[in-house]
Amino acid sequence: MRYAQIREIDVANGPGIRVSLYTQGCRRHCPFCFNEETWDFNGGLPFTEKEEDAIITLVNKPHIAGLTILGGEPMEKESRPAILHLLKRVRKECPHKNIWLYSSFLYEDFKNFDEPILDYVDVLVDGMFINDLKDPHLHFRGSSNQRLINIPETKAKGEIVLFE
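Residues numbered from 1 in each chain as written. Predicted model: local features only at pLDDT ≥ 70, side-chain atom pairs only at ≥ 80, totals over all residues. Heavy atoms only, no water.

- Going by what an unreviewed UniProt entry lists, the chain is known as Anaerobic ribonucleoside-triphosphate reductase-activating protein and is assigned to Intestinibaculum porci.
- Word for word, the UniProt comment on the chain under Sequence similarities (unreviewed entry) is "Belongs to the organic radical-activating enzymes family."
- Word for word, the UniProt comment on the chain under Cofactor (unreviewed entry) is "[4Fe-4S] cluster". (UniProt positions renumbered as here; feature names shortened; annotations may be inferred.)

In structure tokens, the structure reads:
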């Protein structure tokens, strides 16, 4: 996997002060994407154990609420194994921190992935950005079609439960 950026302080992509990992590579190409520079799979930098260790250290700081993963598209098949490995480490080594994942794929699409990504995610922000549905008053998403899904409650109830 390659990554575009690790943001040590992020207050826009989830509640509280967060660490954010921007993955590199996206085939979805939402028109008017705010992060078009992350589309190229050959851009960015290699994501290695060094970056993973740095994320763990950052997330474990007392003022950090959790980790947010976005992109690019973190659920591209090239990125999923590395994302799953990172999520497992964060759950084990940062057990009191929450994990948010942004993906243009829908919650329903995740059942087609080999990797059990959602077993390690607290909130999934799903759906492609649609410029015609853009609303600057929305919290933690760009367009009104995108859902903030509470994954643990969704799994417990067997139906989608939105994050409040």
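Having seen it, we continue.
## Some words on the nonpolar core
Next up, step 1: If you look at the biggest cluster of nonpolar residues, it comprises 30 residues, and the most contacted ones within it are Phe110 and Ile117.
Next up, step 2: When residues of this core are traced back to their parent elements, those giving at least two are β2 (18–23), α1 (49–59), β4 (66–70), α2 (80–93) and β5 (98–103).
Next up, step 3: With five residues, α2 is the single largest residue contributor to this core.
Next up, step 4: Non-local contacts of Phe110, meaning those with residues more than four positions away in its chain, are made with Met75, Leu101, Ser103, Phe105, Ile117, Leu118 and Leu124.
Next up, step 5: One finds Tyr102, Val123, Val125 and Leu148 within the second-largest nonpolar core, a separate group that totals seven residues. (Core = buried A, V, L, I, M, F, W, Y, C linked by side-chain atoms within 4.5 Å. Buried < 20%, exposed > 50% of the residue type's maximum accessible area, 1.4 Å probe, protein only. Helix = DSSP H or I, 4+ residues; strand = E, 2+ residues; numbered from the N terminus. Contact = heavy atoms within 4.5 Å.)

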